Amino acid sequence: MEIVAVPAFSDNYIWLVHDETSGETAVVDPGDAAPALAAVQRLGWSIDQVWNTHWHPDHTGGNLAIKEATGARIWGPASGRIPGREVALAEGDEVRLGDHIGRVIEVPGHTLDHIALIFDEELVAFVGDTLFAMGCGRLFEGTPQQMYNSLQRISDLPGEARLYPAHEYSLSNARFAVHADPGNRALSDRLAEVQALRDTHTITLPTTVAQERETNPFVRASNWEEFARLRAAKDSFRS
Ligand SMILES: [Zn+2]
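The present account deals with the structure reproduced in this document. (Residues numbered from 1 in each chain as written. Predicted model: local features only at pLDDT ≥ 70, side-chain atom pairs only at ≥ 80, totals over all residues. Heavy atoms only, no water.)

Regarding the sheet that holds strand β1 (residues 2–8)
Then step 1. The 6 strands are arranged β1-β2-β3-β4-β5-β6 in an open sheet whose pairing can be described as mixed. Each of the sheet's edge strands pairs with one partner strand only, and the pair in question is β1 and β6 (87–89). Pairwise comparison of adjacent strand axes, ignoring direction, gives a mean angle of 25° for this sheet.
Then step 2. One ladder, built from 7 bridges, connects β1 with strand β2 (residues 12–18); its direction is antiparallel. Within β2, the position partnered with Val6 by the bridge is Ile14.
Then step 3. Sheet contacts for helix α1 (residues 33–43): β1, β2 and β3 (25–28); angle to β1, the most-contacted strand, approximately 140°. (Pairing = 2+ DSSP bridges. Helix = DSSP H or I, 4+ residues; strand = E, 2+ residues; numbered from the N terminus. Axes fitted to C-alpha atoms, helices over the stretch in contact; angles between N-to-C directions. Contact = heavy atoms within 4.5 Å.)

Given below as structure tokens:
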């Protein structure tokens, strides 16, 4: 399974997922059709499936144009307002790309409809706006309890699992994380790494479960109350 990042808007990533054996390609959270279609053309692929993690327009805005251009089938959360959705996904459902199977887990918090797609054999997870490198999504719809549980479910995956969030927020998240957890050496090292990558406009993703367990204060919070305090502090933090 090959995974390619397509930058969109100012800080989104649209992920292309390609299976070499079947030749099939899925696109995760295409907020904008044009960059995704240009990227598959450059790669010699074509989009067969659209997978959405939640309803926000910067993740779904390209759905209809991609469907029109390619005939791709659109999969998305059952409870969400997903443009053009044909297959509704809920906890325990599966997506398939060739022989690769992704299972759906519900991770409410950023939105109530938010899902993540977990490819257990490949040790890959598409986590949308739930978990970011050293951070997490804002709580637009869900409660701190929900988001804390959602982050715990993701960080319970094997340490070597690669996580693919939908935004390049690593540097601002790292600055807050160092402020919140100043004694964490792994975190200060990671801030320096991320700073160096962003100085040359290089992508900092994917991350791994092991890295997040070491450096993500929202994952490391010991209960939802601590998580809630951190989330509120991040919302007003100016780096
Ligand atoms: Zn969102």
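Text resumes after the structure shown.
A look at the coordination of the zinc ion
Under perfect tetrahedral coordination by four donors, a metal shows angles of 109.5 degrees; under perfect octahedral coordination by six donors, it shows angles of 90 or 180 degrees.
Then step 1. At the metal site, the zinc ion is ligated by His54 (NE2), His56 (ND1), His110 (NE2) and Asp129 (OD), and these contacts range over 2.2 to 2.3 Å.
Then step 2. The coordination sphere of the zinc ion comprises 4 donor atoms, whose angles at the metal cover 89 to 169°; the geometry is irregular. (Donors = N, O, S within 2.8 Å, 3.2 Å for Na, K, Ca; no water. Tetrahedral: all angles 85-135°; square planar, octahedral: opposite > 155°, others 65-115°.)

A word on the packing of helix α5 (residues 170–180) against helix α9 (residues 224–235)
Then step 1. Packing of α5 against α9 leaves a shortest axis separation of 11 Å and a crossing angle of 125°. By the angle class used here, α5 and α9 are oblique. Considering how the two elements wind past one another, α5 and α9 form a crossing that is right-handed. Across the interface between the two elements, Ser172, Asn173, Phe176 and Ala180 from α5 touch Leu230, Ala233 and Lys234 from α9. (Parallel < 35°, antiparallel > 145°, perpendicular 65-115°, else oblique. Left-handed = near helix turned anticlockwise from the far one by under 90°.)

Here's the deal with unusual backbone geometry
Then step 1. For the bond running from Leu205 to Pro206, omega is 5°, close enough to zero to count as cis.
Then step 2. Positive phi, normally seen in glycine, also occurs at Met134, with a value near 65°.
Then step 3. Tracing the backbone shows Met134 in the loop between β11 (131–132) and β12 (135–136).
Then step 4. A relative accessible area of 0% means that Met134 is categorised as buried. (Buried < 20%, exposed > 50% of the residue type's maximum accessible area, 1.4 Å probe, protein only.)

Details of the nonpolar core
Then step 1. By size, the foremost hydrophobic cluster in this structure holds 26 residues, and its most contacted members are Trp51, Leu117 and Phe126.
Then step 2. Setting aside residues no more than four positions away along its own chain, Leu117 makes contact with Trp51, Leu89, Val95, Arg103, Val104, Val124, Ala125 and Phe126.
Then step 3. Among the nonpolar cores identified, the runner-up in size contains 22 residues, and Ile118, Leu151, Val219 and Leu230 belong to it. (Core = buried A, V, L, I, M, F, W, Y, C linked by side-chain atoms within 4.5 Å.)

Some details on the pattern of salt bridges
Any two side chains of opposite charge can pair if their charged atoms end up close together.
Then step 1. Throughout the structure, instances matching the rule amount to 9 salt bridges.
Then step 2. With a closest N to O distance of 3.8 Å, Arg198 and Glu168 form a salt bridge. In this pair, Arg198 sits in helix α6 (residues 185–199) while Glu168 sits in the loop between β13 (162–165) and α5, placing the two residues 30 residues apart along the sequence.
Then step 3. On the accessibility criterion, Glu168 (11% relative accessible area) is buried.
Then step 4. Salt bridges sharing common partners tie together Arg138, Arg231 and Asp235. (Salt bridge = Lys/Arg side-chain N within 4 Å of Asp/Glu carboxyl O.)

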